[in-house]
Amino acid sequence: MGEKIKALRAAFPHTLPILTGYLALGAAYGVLLSTKGYGVVWALLTSTFIYAGSMQFVSVGMLGMGFHPLSACLMTLMVNARHFSTALPCWTGWAVQGG
């Protein structure tokens, strides 16, 4: 157990920049939700069930418009399509190694 605590103490300072970014984005999301009239429960629910951070911000506007499943799916695909360009080199490398 002592080695795990020692490793945690060594690694924790290196995680502070990421923690700071998450805290800033979380605060911004909370402020956005509260200005639209949603409470803490909504923030917790959307943070639990929406895995794409940018979609959380988009969902605030979509909640105000009313829920349409097809438009929610299309919007999620459009917002997350940016990941295809970063994943493309991984796909070509996998095809060479796997085949």
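Time to look at helix H1 (residues 2–35). A turn of α-helix holds 3.6 residues, and therefore any two residues three or four places apart point the same way. Its 34 residues place the ends of H1 46 Å apart at the C-alpha level, agreeing with the 50 Å of an ideal helix rising 1.5 Å per residue. Helix geometry: H1 is bent most strongly at Thr 15, by close to 45 degrees, with proline Pro 17 lying one to four residues after it. Positive phi shows up at Gly 37, right after H1, with a value of about 95 degrees.

With 12 residues, helix H4 (residues 69–80) ought to run about 16 Å at 1.5 Å a step, and its terminal C-alpha atoms sit 16 Å apart, in line with that. For H4, every residue scored as buried is listed here: Ala 72, Val 79 and Asn 80. What you see down the axis of H4 is that its buried residues fit within an arc of 85 degrees, all on one side. When the buried face of H4 is taken as reference, the exposed residues oriented beyond 90 degrees from it are Leu 70, Leu 77 and Met 78.

The subject of this paragraph is the side chain of Asn 80. In this structure, Asn 80 sits in helix H4. The class for Asn 80 is buried, based on a relative accessible area of 19%.

So, on to the confidence of the model for the protein chain. The share of residues in the protein chain with pLDDT of 70 or more is 92%, and the mean pLDDT across the chain is 86. Mean pLDDT per element in the protein chain: helix H5 (residues 82–98) is the minimum at 70, and H1 is the maximum at 93.

A surface patch of nonpolar side chains, amounting to about 370 Å² of accessible area, comprises Phe 12, Leu 16, Leu 19 and Leu 23. With respect to the helices and strands, Leu 19 occurs in helix H1. Classification of Leu 19 as partly exposed rests on a relative accessible area of 40%.

Calculation rules
Numbering of residues starts from 1 in every chain and runs along the sequence as written. For a predicted model such as this one, the threshold for reporting local features is a pLDDT of at least 70, and the threshold for listing and counting side-chain atom pairs is 80 or more; totals across whole chains, interfaces and linings nevertheless cover every residue. Side-chain metrics in this entry use all non-hydrogen atoms of the structure; hydrogen atoms and water are not considered. Strands are runs of DSSP state E lasting at least 2 residues, helices are runs of H or I lasting at least 4, and numbering of each runs from the N terminus. One less than the residue count of a helix, multiplied by 1.5 Å, gives the span that helix is expected to have. At every residue, the bend is computed as the angle between two fitted axes, covering the seven residues ending there and the seven beginning there respectively. Residue exposure (1.4 Å probe, protein chains only): buried if accessible area is under 20% of the type maximum, exposed if over 50%, otherwise partly exposed. Note that the arc is computed from the directions linking the helix axis to the C-beta atoms. Summary of the metric used: pLDDT quantifies the predictor's per-residue confidence within the range 0 to 100. A patch is a set of surface residues, each over 30% in relative accessible area and not in a salt bridge, joined within 9 Å for like charges and within 5 Å for the nonpolar side chains Val, Leu, Ile, Met, Phe, Trp and Tyr. Methods summary: accessible areas were calculated by the Shrake-Rupley approach with a probe of 1.4 Å, and residue burial reflects only the protein chains presented. The rule for a salt bridge is simple: a side-chain nitrogen of Lys or Arg has to be within 4 Å of a carboxyl oxygen of Asp or Glu.

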